[in-house]
Amino acid sequence: MTRYGIEKLLSFNKYLVDDEEKHISIKKEICAGCRTKPCIPACPAGLYVLKDGEMVIDPAGCLECGTCRVVCPCPGAIDWNYPRGGFGISYRYG
Ligand code: SF4
């Protein structure tokens, strides 16, 4: 059995990005008060990044695991919903 690394495994997934209604958004004024930012190391897809000191996320590539909403210590900082029907991730293996 072939064992793949995480990058290779993620490359098997397909995404249909909903450009009209992003399923994750950040309330930057709340997020700015968070000192630990656990979403950065917790997101398995590495979607949370600090850019010029401000958190940004591109929901394309989201695995819909919900980890970020669980680890976020600042209520209301992350607005998270499942993508609309037909959008989001399609797992091709597993
Ligand atoms: Fe990352 Fe999972 Fe949150 Fe999507 S739901 S942004 S993959 S932690």
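Residues numbered from 1 in each chain as written. Predicted model: local features only at pLDDT ≥ 70, side-chain atom pairs only at ≥ 80, totals over all residues. Heavy atoms only, no water.

The immediate surroundings of the ligand are formed by 14 residues, with Cys-43, Cys-62, Cys-65, Gly-66 and Cys-68 found nearest. Of the residues belonging to the shell around the ligand, the class tally is 11 nonpolar, two polar and one charged. (Near = heavy atom within 4 Å. Nonpolar A, V, L, I, M, F, W, Y, C, P; charged D, E, K, R; others polar.)

This brings us to empty space enclosed by the protein. According to the stated counting rule, one finds three cavities of 30 Å³ or more in the structure shown. Estimates place the volume of the largest cavity at around 140 Å³. The wall of the largest cavity is formed by 17 residues, among which Leu-16, Val-17, Asp-18, His-23 and Pro-59 lie closest to the centre. Secondary structure elements with two or more residues in the lining of the largest cavity: β1 (14-16) and β6 (88-90). The residue inventory of the lining of the largest cavity, partitioned by class, reads nine nonpolar, three polar and five charged. (1 Å grid on protein atoms, 1.4 Å probe; cavity = no way out; pocket = protein on both sides within 12 Å on 5 of 7 lines; lining within 4 Å. Points joined across faces, edges and corners; volume = space filled by probe spheres on them. Helix = DSSP H or I, 4+ residues; strand = E, 2+ residues; numbered from the N terminus.)

Further remarks concern the nonpolar core. Here is a general trend for soluble globular proteins: nonpolar side chains tend to be buried in one another's company. Counting residues in each nonpolar core, the largest one holds 13 residues, and the members touching the most others are Ile-24, Ile-26, Tyr-48, Met-55, Ile-57, Cys-68 and Ile-78. When residues of this core are traced back to their parent elements, those giving at least two are β2 (24-26), β4 (54-57) and β5 (78-80). Not counting residues within four places of it along the chain, the set of residues in contact with Met-55 comprises Ile-26, Lys-28, Cys-31, Lys-37, Cys-39, Ile-40, Tyr-48, Val-49 and Leu-50. (Core = buried A, V, L, I, M, F, W, Y, C linked by side-chain atoms within 4.5 Å. Buried < 20%, exposed > 50% of the residue type's maximum accessible area, 1.4 Å probe, protein only. Contact = heavy atoms within 4.5 Å.)

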